[in-house]
Amino acid sequence: MGFFDRLKEGLSKTRKGFVEKVESIFSSRPVDEESLEELEETLILSDVGAKSAAEIVKRLGEQAGKGGIREAGSVREFLRQEMVSMLGAAQPLVPFGERPFVILAVGVNGVGKTTTIGKLAGRLRDQGHSVLLAAGDTFRAAAIEQLEIWADRSKAQFVKHQSGSDPSAVVFDAIAAARARGIDVVIIDTAGRLHTKSPLMEELKKVKRVCGKAMHGAPHEILLVVDATNGQNALRQAELFNEAVGITGIALTKLDGTAKGGIVFAIKRELNIPVKLIGVGEGIDDLQDFVPADFVRALFE
Amino acid sequence: MFESISDKLDSIFRKLKGKGLLKPEDVEVALKEIRMALLEADVNFKVVRDFVDRVRVKAVGNEVLESLTPGQQVVKIVNDELCELLGSSASKITLSPNPPTVIMMVGLQGSGKTTTAAKLARFFKKEGRRPLLAAGDLQRPAAIDQLITLGRQIDVPVYSSRDTKDPARVGQEALKKARTDAHDILIIDTAGRLHVDDALMEELRMLRDGVSPREVLFVADAMTGQDAVNIAKQFNDRIGIDGVILTKMDGDARGGAALSIRAITRKPIKFIGVGEKIDMLEPFFPDRIASRILGMGDMLGLIEQAQRSFDQKEAESLQQRILGDSFTFDDLREQLRKVRSMGPIENLLGMIPGMNRAKNLQVDEKEFVRTEAIINSMTRKERTNHNLLNGSRRKRIAQGSGATVADVNRVIKQYVELRKMLKMFKGKKGLKIPKVFPF
């Protein structure tokens, strides 16, 4: 199965709900106040957020006022273009220019950091990179063991300390080991933390600083893992993690459920942080590059 | 700083005070704000719509009480309605008349089932019961190890088997073990699964049929968005749930999912998870969540926590000392410790109305530690008489506490100002000294 098919399949629930709804709203009625309100509702139900939804609907209303949009087909086309342009150009995660290329994965508890790292390691190994995983989640029970299993599966190297030890120390050792062994990519797991806990955010800042000490310029990518089932709070997560360590990209997980992941639009709109990866299934191959045009097209086809 | 919904409504209604009846057009303006607040809190769109309709019926023609502003009046109606929807009182886990009581944890990946299972086991253990945990998550790597580690931390045995891939078997074996070892509670952890994954949902149903749980608890992330209704509905329709545990409530999520889940399933929310540590599980009080969803803070929770830390007698004796003009550094230190013992300062601030979504709210807990260290480095005499603190004493205190002389000066200055403020309380008749005065 090709990339596009898999994405389409993963998003099928999203697509079904959303597109059918859009079609049904505009198939029998003109673009008027009532139908626009219904569209706004559909957008809000996708976690797009009340503000973004109002913006999209407003623009559609303006276009309709000019006489450009009349029936369901052109509404769909307008929405597609609008949503693609809101997301901007694709910015895939490419380990390039540095060796080792250091990726730091952060996020709140339970979003799927460790799983995403495992899948990412598998993907990079397939592309021919050597990968080292660093067990920086020293807090949660058995988090180290969980990552170790993923390291085995993806045949990546693995650096760990004991549970409860200082995550910064693990990170330093991991980067030092990767430099000594000539590894291409280091991926650092971190403990899940709520963005409102300032001591834990301080700890994360330290982890980032130590990366820089172990290797000048590291980390090269700071990936915020976001759960697609989360609502408007995901925007707060992005905001506060960004303030603390500076997020360079987002990995959106659990898109294979009925959750729409519409928060992507709000995050891009408010913070201009690109989504780089999406998780559309449980398998090791179900981590995909985020391509806005494909993402939206998969929604509409 | 975010305006709380009641502030917003008050500004809309300011002109209306004492006008008597709430007019439909006034109510409409207010309802628009309420709708927005609920959507921002991630309450499901359809739930919001039904809810706003109900409030409209109640609010129009309602007489504005003299004691309330119209804004407050509408908020009160909304708040009452929310409380009613969320359930009127805290509900408990029902125990089976024939032990063991079997409890099954279900939910999406990453909602916090394993941690919550352990928290629940600890809760029962504290109540003097003998819980057994069962590791039924055979999907996620190292999930069994996680539960075993947590079990060790709270000294609760964990049944696990690495030989099978069938959770139903694990459940039955665990039940057998619970019976032979005379455990009165069996808590079964299960693998996280998407509600649309037919195979895994079927597996969960088989597990349920094998152990006939007294309580199936649906564990949901407080940050869940609009999809909460679909998820909860699927789990309820396919497995049947008896209650909900809302996790990660210690963040700044407004927890609108609570309302959505409750509205769809009509099942009570029984506990909330308020921290990563194993003792951070609290009973659910609908009224508190109602004000949190509306962005009004959790004043009740704050007051209760303050009451827990400050007992009445101590407060009175402190009052005596203040009135006698003898508020010393010892008293200050005592107060600092009390405030800190109420929990992380950020959690406290989060409960204050209007502060819960304050941006960039940073409280340096270290400041408390530093101040206390400075007071600790004073002699007993210095603590009761700050006039003694001359330059060389200040220097000594700075060295003793690892602070700078400037830090010491600042603490002394704060103390002197606090005394002045307290004297003012004394001067005004009938003015009660607040029991809590985080300065």
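So, a few notes on the structure that sits alongside this text.

1. Observations concerning helix 7 (residues 167–180) of chain B
All names here are of chain B.
And step 1. The terminal C-alpha atoms of helix 7, which comprises 14 residues, lie 20 Å apart, in line with the 20 Å expected from a rise of 1.5 Å per residue.
And step 2. For helix 7, the complete set of buried residues consists of Pro167, Ala168, Val170, Gly171, Ala174, Leu175 and Ala178. One side of helix 7 carries all its buried residues, which in axial view fall inside an arc of 155 degrees. For helix 7, the exposed residues set more than 90 degrees away from the buried face come down to Lys176, Arg179 and Thr180.
And step 3. Two or three places before alanine 168, at the opening of helix 7, aspartate 166 has a side-chain oxygen 3.1 Å from that residue's backbone nitrogen.
And step 4. A positive backbone phi angle near 55 degrees is found at alanine 182, which sits one or two residues after helix 7.

2. A look at the packing of helix 8 (residues 167–181) of chain A against helix 9 (residues 198–214) of chain A
For any two helices packed against each other, one specifies the crossing angle of their axes together with the interaxial distance.
All names here are of chain A.
And step 1. Running from N to C, helix 8 and helix 9 point in directions that differ by 25 degrees, and their axes come no closer than 9 Å. With respect to helix 9, the element helix 8 is oriented roughly parallel. Judged by the sense of rotation from one axis to the other, the crossing of helix 8 with helix 9 is right-handed. Note on element contacts: helix 9 touches helix 8 through Glu203, Lys206, Val207, Val210, Cys211, Lys213 and Ala214, opposite Pro167, Ser168, Val171, Phe172, Ile175 and Arg179.
And step 2. Residue composition of the contact of helix 8 with helix 9, by class: 8 nonpolar, 1 polar and 4 charged.

3. Some thoughts on the environment of A:Val57
All names here are of chain A.
And step 1. Here valine 57 shows up in helix 4 (residues 50–65).
And step 2. Assessed through its relative accessible area of 9%, valine 57 is described here as buried.
And step 3. Residues valine 57 and alanine 259 lie 202 residues apart in sequence; the distance between their C-alpha atoms is 21 Å.
And step 4. Leaving out residues up to four positions away in the same chain, valine 57 has contacts with Leu36, Leu39, Glu40 and Leu43.

4. A word on the environment of B:Glu202
And step 1. Residue placement: B:Glu202 occurs in helix 8 (residues 198–211).
And step 2. Distance from B:Glu202 to B:Arg238, taken between C-alpha atoms, is 8.4 Å for residues 36 residues apart in sequence.

5. What about the interface of chain A and chain B?
And step 1. Contacts between the two partners involve 42 residues from chain A, matched on the other side by 44 residues from chain B.
And step 2. Interface of chain A and chain B: buried area, both sides summed, is about 3600 Å²; carbon and sulfur atoms make up 54% of it.
And step 3. Inspection of the region where chain A meets chain B yields 2 salt bridges.
And step 4. The salt bridge partner of B:Arg49 is A:Glu41, with a shortest N-O separation of 3.1 Å.
And step 5. Those elements that place two or more of their residues in the side of chain A that touches chain B are helix 3 (33–45), helix 7 (143–154), helix 9 and helix 10 (233–245) of chain A.
And step 6. A class-by-class count of the residues in the side of chain A that touches chain B yields 13 nonpolar, 15 polar and 14 charged.

Cut-off values and rules
- Residues numbered from 1 in each chain as written.
- Chains lettered and ligands numbered in written order.
- Predicted model: local features only at pLDDT ≥ 70, side-chain atom pairs only at ≥ 80, totals over all residues.
- Heavy atoms only, no water.
- Helix = DSSP H or I, 4+ residues; strand = E, 2+ residues; numbered from the N terminus.
- Expected span 1.5 Å × (residues − 1).
- Buried < 20%, exposed > 50% of the residue type's maximum accessible area, 1.4 Å probe, protein only.
- Arc of directions from axis to C-beta.
- Polar contact = N/O pair within 3.5 Å; in protein donor to acceptor, adjacent residues only side chain to side chain.
- Axes fitted to C-alpha atoms, helices over the stretch in contact; angles between N-to-C directions.
- Parallel < 35°, antiparallel > 145°, perpendicular 65-115°, else oblique.
- Left-handed = near helix turned anticlockwise from the far one by under 90°.
- Contact = heavy atoms within 4.5 Å.
- Nonpolar A, V, L, I, M, F, W, Y, C, P; charged D, E, K, R; others polar.
- Buried area = accessible area lost by both parts, 1.4 Å probe.
- Salt bridge = Lys/Arg side-chain N within 4 Å of Asp/Glu carboxyl O.

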